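# Structure assessment
Chain by chain, the residues run as shown.
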Amino acid sequence: MPLYEEYCREIASIWDNHYLTNVGPKHQALQAQLKEFWKAEYVELFVNGHLSLEIAIKALELSGEVITTPYTFASSTHALVANGLTPVFCDIKASDFTIDEDKIEALITEKTSAILAVHVYGQPCNVKRLEEIAKKHHLKLIFDAAHAFGVEVDGRPVSDFGDVSMFSFHATKVFHTIEGGALVIRDEEVAKKVRALRNFGIEGPESVPMVGTNAKMNEFAAAMGICNLRHHEENMRKRSDAFAGYSEGLEGIPGIRKFEYVSTDFSRNYAYYPIIVDEKACGISRDTLQAELEKQNIYTRKYFYPLTSDFACYQGMGLTADVPVAHNTSDRVLCLPMYAELGRETVDEICGAIREIMRG
Ligand SMILES: *Cc1c(COP(=O)(O)O)cnc(C)c1O
């Protein structure tokens, strides 16, 4: 969080202009700053990331099947199904946890209308290959970039790829507006539609051509974003320190695969620190490690577990989900505490605790 005084200074003008929501001055200021940040023409802000994703999918007018990953948060799959689409689950790569681009084309049918891929833990998908596949088969390409704030691929913002990218500004993310989200959109018509859908489908004072919802970001959330954006660089430095601490502290622990960025072609945002626990190598399971850490007040998260394709709500629908790598990963992954104020000392304590537990 920003300093209390800084936030108070930021919201003071709201008491002068009484603009609480409906795309007021704070909303406009944050939107302008983010356009600059992403070097993007069409950036729209939302009350949260999930509704922005639902709206993006609706605005792209998709139909039939969408090829996607089950190794994600509930939001990505729900956004498809809520739009009446059928998710077709593609496996992921063990190396970077993103959708396996080599397995997508085998899943394309005449009903396929899009690919919805997720940049997992801030590691971008193979965006160039995905663009090629989408182009070749005339599919829309949507990125769930909830984890990828500030990530660049070959010096280009990650949102430069695909038709639409969704960013989440939830409190748990690298950059937040308490709750919030944004779409970076490549096409002007889609952007126009997205804006209307965000506000009940209202296009003009007396014109409501579509069934929209209400997903606007309010001024207090936008003000939080303006404050947090000021400290983004500083937060990245602190997170990078914590990341380095984990890399050193977890070195050589049997049964622990450290998190490593697979490539230097993209910038890092140190959003998460997932480890893979190999029970066969050490006799301690992921769940045991989590329970033991919790006894020491170290709270970790099985993220992503379960796979969205295993959710109760998606059983019995006959969905395609031949995803062994995703299963294997999901059964063994554990995300360690990661935030800007974590500090090297705490990281060292956590690593020490893990080393001790894994010793058995
Ligand atoms: C956080 C998250 C979302 C949802 O964003 P909200 O802002 O919480 O609605 C969607 N997808 C992924 C991968 C996320 O991590």
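## Details of the sheet that holds strand 10 (residues 256-257)
A sheet is described by the order of its strands in space; here 3 strands give the open sequence 10-11-12, paired in antiparallel fashion. The open sheet has two edge strands with one neighbour each: strand 10 and strand 12 (333-336). Here strand 11 (residues 273-277) pairs with strand 12 via 4 bridges, running antiparallel. Counted as the bridge partner of Ile275 is Leu334 from strand 12. Packed onto the sheet, helix 11 (residues 286-295) meets strand 10, strand 11 and strand 12 and runs at close to 25° relative to strand 12.

## Structural notes on a negative patch on the surface
A surface patch of like charges, here negative, comprises Glu41, Asp187, Glu188 and Glu189. One can find Glu41 in the loop between helix 3 (25-38) and strand 1 (42-46). We classify Glu41 as exposed; its relative accessible area is 59%.

## Considering the site of the ligand
What surrounds the ligand is a group of 15 residues, the closest being Gly49, His50, Asp144, Ser168 and Lys173. Here Asp144 contributes a side-chain N or O atom positioned 2.7 Å from a nitrogen atom of the ligand. In this structure, an oxygen atom belonging to the ligand sits 3.0 Å away from a side-chain N or O atom of His147. Those elements that provide at least two residues to the shell around the ligand are helix 4 (49-59) and strand 8 (164-168).

## Some details on the side chain of Thr308
Locating Thr308 in the fold gives a position in the loop between helix 11 and helix 12 (324-330). What Thr308 contacts, discounting residues up to four positions off in sequence, is Thr69, Pro70, Thr72, Phe73, Ala74, Thr77, Phe89 and Tyr314.

How each quantity is defined
Residues numbered from 1 in each chain as written. Predicted model: local features only at pLDDT ≥ 70, side-chain atom pairs only at ≥ 80, totals over all residues. Heavy atoms only, no water. Pairing = 2+ DSSP bridges. Helix = DSSP H or I, 4+ residues; strand = E, 2+ residues; numbered from the N terminus. Contact = heavy atoms within 4.5 Å. Axes fitted to C-alpha atoms, helices over the stretch in contact; angles between N-to-C directions. Patch = residues over 30% accessible without salt bridge, like charges linked within 9 Å, V, L, I, M, F, W, Y side chains within 5 Å. Areas by Shrake-Rupley, 256 points an atom, 1.4 Å probe, with all protein chains shown as cover. Salt bridge = Lys/Arg side-chain N within 4 Å of Asp/Glu carboxyl O. Lys, Arg positive; Asp, Glu negative; His and termini not counted. Charge placed at Lys NZ, Arg CZ, Asp CG, Glu CD. Buried < 20%, exposed > 50% of the residue type's maximum accessible area, 1.4 Å probe, protein only. Near = heavy atom within 4 Å. Polar contact = N/O pair within 3.5 Å; in protein donor to acceptor, adjacent residues only side chain to side chain.

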